[in-house]
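Close look at the chain arrangement
Each chain, letter by letter, is given below.
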Amino acid sequence: AYADIWSRPGLALRDRTLITCVVLAVQEHETELRVHLRGLANQGMGRLEAEEMMMHLSIYVGWPKALEARRIMTEVFDAIEDQI
């Protein structure tokens, strides 16, 4: 099922991954959020864009969820930068 959904035409992989990150942040699925944030970084999303995504998310889902998602995002991007 996942391959069929992720490979459908109409949305770029990066767009699908961004949507997935937002949904996972809202639902507080930390482990999966980390995986998909790494995917976004591998698809070219930089830290600044990821920070803006979390900031934008905050006005719709509330600060506690957005701050936790931002904390996870920071951990993921710090780890990626440490590998470089």
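Residues numbered from 1 in each chain as written. Predicted model: local features only at pLDDT ≥ 70, side-chain atom pairs only at ≥ 80, totals over all residues. Heavy atoms only, no water.

A word on the packing of helix α4 (residues 47-61) against helix α5 (residues 63-83)
- Contact geometry of α4 with α5 gives a least axis separation of 8 Å together with a crossing angle of 170°. As the angle between them shows, α4 and α5 are arranged roughly antiparallel. Of the residues in α5, those touching α4 at Arg47, Ala50, Glu51, Met54, Met55, Leu57, Ser58 and Val61 are Trp63, Lys65, Ala66, Ala69, Arg70, Met73, Thr74, Phe77, Asp78 and Glu81.
- Residues belonging to the contact of α4 with α5 are distributed by class as follows: 10 nonpolar, two polar and six charged. (Axes fitted to C-alpha atoms, helices over the stretch in contact; angles between N-to-C directions. Helix = DSSP H or I, 4+ residues; strand = E, 2+ residues; numbered from the N terminus. Parallel < 35°, antiparallel > 145°, perpendicular 65-115°, else oblique. Contact = heavy atoms within 4.5 Å. Nonpolar A, V, L, I, M, F, W, Y, C, P; charged D, E, K, R; others polar.)

Focus on the packing of helix α2 (residues 13-26) against α4
- Direction vectors running N to C along α2 and α4 enclose 45°, while the axes themselves pass 11 Å from each other. Between α2 and α4, the angle falls in the class oblique. The two elements α2 and α4 meet at a crossing, and its hand is right-handed. On the side of α2, the interface is formed by Arg14, Leu18, Cys21, Val22, Ala25 and Val26, while α4 contributes Glu49, Met53, Leu57 and Val61.
- Its residues placed into classes, the contact of α2 with α4 shows eight nonpolar, no polar and two charged. (Left-handed = near helix turned anticlockwise from the far one by under 90°.)

Some thoughts on the nonpolar core
- Counting residues in hydrophobic clusters, the biggest one holds 17 residues, and the most contacted among them are Leu33, Leu37 and Met54.
- Per-element tally for this core: the top contributor is α5, with five residues.
- The residues contacting Leu37, other than those within four sequence positions of it, are Cys21, Met53, Met54, Ile72, Met73 and Val76. (Core = buried A, V, L, I, M, F, W, Y, C linked by side-chain atoms within 4.5 Å. Buried < 20%, exposed > 50% of the residue type's maximum accessible area, 1.4 Å probe, protein only.)

Side note on the pattern of salt bridges
- What the rule picks out here adds up to eight salt bridges.
- Here Glu49 ties to Arg14 by a salt bridge, and the two come within 2.8 Å at their closest N and O atoms. Of this pair, Glu49 sits in helix α4 while Arg14 sits in helix α2, and the two are 35 residues apart along the sequence.
- A salt bridge links Arg71 to Glu30; the nearest nitrogen and oxygen atoms lie 4.0 Å apart. With a gap of 41 residues between them, Arg71 in helix α5 and Glu30 in helix α3 (residues 30-42) connect regions that are remote in the sequence.
- A relative accessible area of 34% places Arg71 in the partly exposed class.
- Residue Glu30 is classed as partly exposed on the basis of its relative accessible area of 33%.
- The network of salt bridges with shared partners includes Glu30, Arg34, Glu68, Arg71 and Glu75. (Salt bridge = Lys/Arg side-chain N within 4 Å of Asp/Glu carboxyl O.)

Overview of α2
- With 14 residues, α2 extends 20 Å from end C-alpha to end C-alpha; this agrees with the ideal 20 Å at 1.5 Å per step.
- Along α2, the residues classified as buried are Arg16, Thr17, Thr20, Cys21, Leu24 and Ala25. Considered in projection along α2, the buried side chains sweep an arc of 165° and stay on one side of the axis.
- In this structure, the buried residues of α2 make contact with α1 (2-6), α3, α4 and α5.
- Downstream of α2 by one or two residues, Glu28 has phi in the positive range, about 60°. (Expected span 1.5 Å × (residues − 1). Arc of directions from axis to C-beta.)

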